[in-house]
Amino acid sequence: MRAPATEAANATETGKTVLSAENISLTFGGLKALRDVSFDVKKGEIRAIIGPNGAGKTSMLNCINGFYHPQEGTITFKGVARRRARPDRIARQGIARTFQNVALFKGMSTLDNIMTGRLTKMHTNFLLQAIYWGPNQREEIAHREVCERIIDFLEIEHIRNTPVGRLPYGLQKRVELARALAMEPDLLLLDEPMAGMNLEEKQDMCRFILDTNHQLGTTIVLIEHDMGVVMDLSDRVAVLDYGNLIADGRPDDVQSDQRVIDAYLGVSHQ
Amino acid sequence: MAQDVPAVAGGEDTFPKLLLRNARDFTSRPAMREKDYGIWQSWTWGEALEEVRALAIGLAELGFVRGDKVAIIGANRPQLYWTFCAAQSLGGVPVPVYKDSVAEEMAFVLDHAEVRFAVVEDQEQVDKLLLLSDRLPKLEHVIYKDERGLGDYDHTRLHAFASVQDAGRSAIQKDASAIAEWEKELSRGGPDDISVILYTSGTTGQSKGVIIGSGRAIAAARDTVAFDKLNEHDEALAYLPLAWVGDFYLNFAQAMVAGFCVSCPESEDTLLQDLREIGPTFYFAPPRIFENLLTTVSIRMEDASAAKRRMFHYFLGVARRVGEDILNGRPVPLKDRVLYGIGRWLVYEPLKNVLGFSRVRVAYTAGEAIGPDLFAFYRSLGMNLKQLYGQTEAFLYLTAHPDGQIRADTVGPPMPNVELKIAEGGEILFKCPGMFVGYFRDEGRTREVLSEDGYVKTGDAGFFDSEGHLRIVDRAKDVGHLNDGTLYAPKYIENKLKFFPNIREAVAFGHERDFVAVFLNIDLNAVSYWAERNNISYGSYQELAANPKVYDMIEQHIVETNQDLASEPEMAGAQIHRFLILHKELDPDDGELTRTQKVRRGYIAERYQPLIDALYSGATSQYIETEVTFEDGRKGMLRADVEIRDVKTFPVAKQKEAAE
């Protein structure tokens, strides 16, 4: 298993750049969340962003999917540079994400939640959809099939019709991933996909992330605190500290970088 | 061994021949269903024949020849059932293996059975086989059904199920005579062929490969199909482990003979929902499943509104009182009849509908003795639940309840064509149509289990009652005596305990001891609900099991059990004096249970020796370290101080015994 995986990693080294962020700075009043951060994401890779609490990781993701607008710098996605764009436009361009605190429709079933992920791919308007006839029916059946394949892929058949609010946290995270996958994104942003999970759930989630990357060929950017997970999963790691990019490279190199060690363990200020 | 196969009506003496017959007679009737992508997909008998044929010809292209063994590992999937038939059609022998076996057990079976081919469900099983590959030099080809995650693997010996079938189909396309050739090969099969080798999980020692002959298997299945009047309009749900005789018997042998439709659930977790959607007419489950269903219902009723809860309990009381009498046509007062009628409308039918039992015409339970209260519960709802007694060596049925003669305490009279006799020591011996041919590569143990006049020893003790029904006492070697001479049947006590939803497993000790003491496992499902309602927090099974309030509750259950035992003169001496709740759940991966979830008491006694000593030494707690095996084969240590409690016992008229 390992051999093909490293081959794939080598291939991504030379892969095309899907997204590049150049000189991003983001401030909230006097607080500088990101200072002059530049990094890129190559097609087919798993890219991790790590850093201590408050380092600006989630802010970075929010910039990428258009939720925040950086004061300086440009983000280029699939060769198109943008300054200000609405999150829904960006979603249509092929960027999907999950949230650190699960953001699902609690009263809706798993299946319905996943179906909402298909929204950007639906073409008929909602009045016609309400009638459920002719082309709308065909469209819905096609979308349902995509969702069912994802349900099968993530092994959540048994909760297909369960309201999401009644599910344990680990499964909610999985449903959220399912919804993001339903968009068939080119770039998937995962914000702490394994937070609050036990070991077994983490292992499952790792497998799903790897399978998503290998089999669906989805490029993934993930934020995660579990170092073991990050080092195992990702092809390249970017490290943020107080809004600064302090290291960027392969997991092994980053792990031995003195500045990274200092940022995590703290240094005494003489 | 001599073949004394009775002439088979219709002439089909192998399962592939039956498949041809079914494809001819029931062409467009459904043969199999599987829920896939949320929708029930089905195959008619005609389509099933095409699938089996394509697979068989594909296997032949890979070099499968007469006599080859093929391991079948996975959940209940149509493709795996077809593999049984495809292998048999080429004169090969299917060897189903428990899919949750740890690598070690799997290595033993695959090596012992000399398998050349393995057809497995998914990546998990492929990984296990690859891990074992240097220990299995005979294994040449591994065929997998689910392609997920396997794209990057080396495919010199690996094949996708679909690609094997495609090879078969293109061979047919190239040369249409391939079909005729396959049918010729198929017709070379006869009653003396080995139909399947079933490895028994065995409550004692290493598993044994039970060889079932094809003619005998079909003869046995024909008898039981006729007994229960099964036909091509029946429906069954396939969810039992493939490697268990019950599954092969019910979902393969009987389905082939009767031509009924077998449905495969979407996954283990969706079983209850799938059961409800399919609504089988013929249902077979070990007592544990019925126990679990009852536990689920009880838990859900706790969450219902007070009015619903009262209605539920009231009408269940009515059913318990008069349900069985009404079903058996005995006289019942008009008032109770009316109440039962209302209960049926308000509770029983809706409940059966939720459980998926609305259409059940015949249901069996077997594998272990069922608690009489549990049995009565389902019977009183109006479900035709019956018991049967059988063994892998007998190809399942030895005795069963005929309709209308059902009693909780017996397993019924012998089936047609089955000869039973009771040996000196009370052991049950049998001769029957489906009798096994021998243990594979183990003549020593084959001889051991056969009596001089050709009967097979079951290892169970029992007797016939005045109505000719067989009553099973216990495993012959488990029945013992306390030091004061009181009869002690551990199963009997354990089953009483397991009727409480909060108790999942019980292991009783007492042979050649002064009193009876038990190990218990709590039912995590039921007890965790209880804990939630009582504001008890816990982090693991171990923590919950050690909670004093849980101990109090379980103690109460045991006191009730003792009260019950005290009312039966022959059992009163075997009341439970001390108990403990084990710090871990008994698990087949640790060898404590068999794959069919039966307790291996010898091994448990060995493993938990310090706890047993403590039970009989009067200590109130005992420290223990236990090695546990995780699902991936890694080992870990579990340490705990286990509390031991005394329980109140009750005096009996016959035998004075002071309450403690």
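Above this text you will find the structure in question.
Computed from a predicted structure; not experimentally measured. (Residues numbered from 1 in each chain as written. Chains lettered and ligands numbered in written order. Predicted model: local features only at pLDDT ≥ 70, side-chain atom pairs only at ≥ 80, totals over all residues. Heavy atoms only, no water.)

K.L.:
What exactly am I supposed to notice about the interface of chain B and chain A here?
P.N.:
How big an interface is tends to be expressed through the accessible area that disappears when the partners come together. Contacts between the two partners involve twelve residues from chain B and, on the opposite side, 16 residues from chain A. A combined buried area of about 1300 Å² lies between chain B and chain A, and 45% of that area is made up of carbon and sulfur atoms. Considering only the surface of chain B that becomes buried against chain A, Tyr 37, Arg 148 and Asp 152 of chain B emerge as the three largest contributors, covering 52% of it. Taken together, the connections running from chain B to chain A amount to three salt bridges. Its salt-bridge partner being Arg 148 of chain B, residue Asp 211 of chain A comes within 3.0 Å of it at the nearest N-O pair. Between chain B and chain A we count six residue pairs in polar contact (both at pLDDT 80 or more) in total. Residues that form the side of chain B that touches chain A fall into these classes: two nonpolar, five polar and five charged. (Contact = heavy atoms within 4.5 Å. Buried area = accessible area lost by both parts, 1.4 Å probe. Salt bridge = Lys/Arg side-chain N within 4 Å of Asp/Glu carboxyl O. Polar contact = N/O pair within 3.5 Å; in protein donor to acceptor, adjacent residues only side chain to side chain. Nonpolar A, V, L, I, M, F, W, Y, C, P; charged D, E, K, R; others polar.)

K.L.:
Looking at this structure, I do not really get the packing of helix H1 (residues 15-25) of chain B against helix H2 (residues 45-61) of chain B. What am I missing?
P.N.:
To characterise two packed helices, one gives the angle between the axes of the helices and the distance between these axes. All names here are of chain B. Taken N-terminus to C-terminus, the directions of H1 and H2 make an angle of 140°; their axes are 7 Å apart at the nearest point. As summarised for this structure, H1 and H2 are arranged oblique, according to the angle between their axes. The handedness of the crossing between H1 and H2 comes out as left-handed. Judged by residue contacts, Leu 19, Leu 20, Asn 22 and Ala 23 of H1 engage Trp 45, Gly 46, Leu 49 and Val 52 from H2. Residue classes in the contact of H1 with H2 are distributed as six nonpolar, two polar and no charged. (Axes fitted to C-alpha atoms, helices over the stretch in contact; angles between N-to-C directions. Helix = DSSP H or I, 4+ residues; strand = E, 2+ residues; numbered from the N terminus. Parallel < 35°, antiparallel > 145°, perpendicular 65-115°, else oblique. Left-handed = near helix turned anticlockwise from the far one by under 90°.)

K.L.:
Teacher, can you tell me more about the sheet that holds strand E16 (residues 419-422) of chain B here?
P.N.:
Sheets are built from strands that pair by backbone hydrogen bonding, the pairs being arranged parallel or antiparallel. Residue and element names in this part refer to chain B. Pairing within the open sheet is antiparallel, and its four strands lie in the order E16-E17-E19-E20. Pairing within the sheet leaves two strands with one partner each, and these edge strands are E16 and strand E20 (470-475). This sheet shows a mean twist of 50° between the axes of neighbouring strands, independent of strand direction. Examined bridge by bridge, strand E17 (residues 427-431) and strand E19 (residues 456-464) share three bridges and lie antiparallel to one another. The residue of E19 that forms the bridge with Phe 430 is Val 456. (Pairing = 2+ DSSP bridges.)

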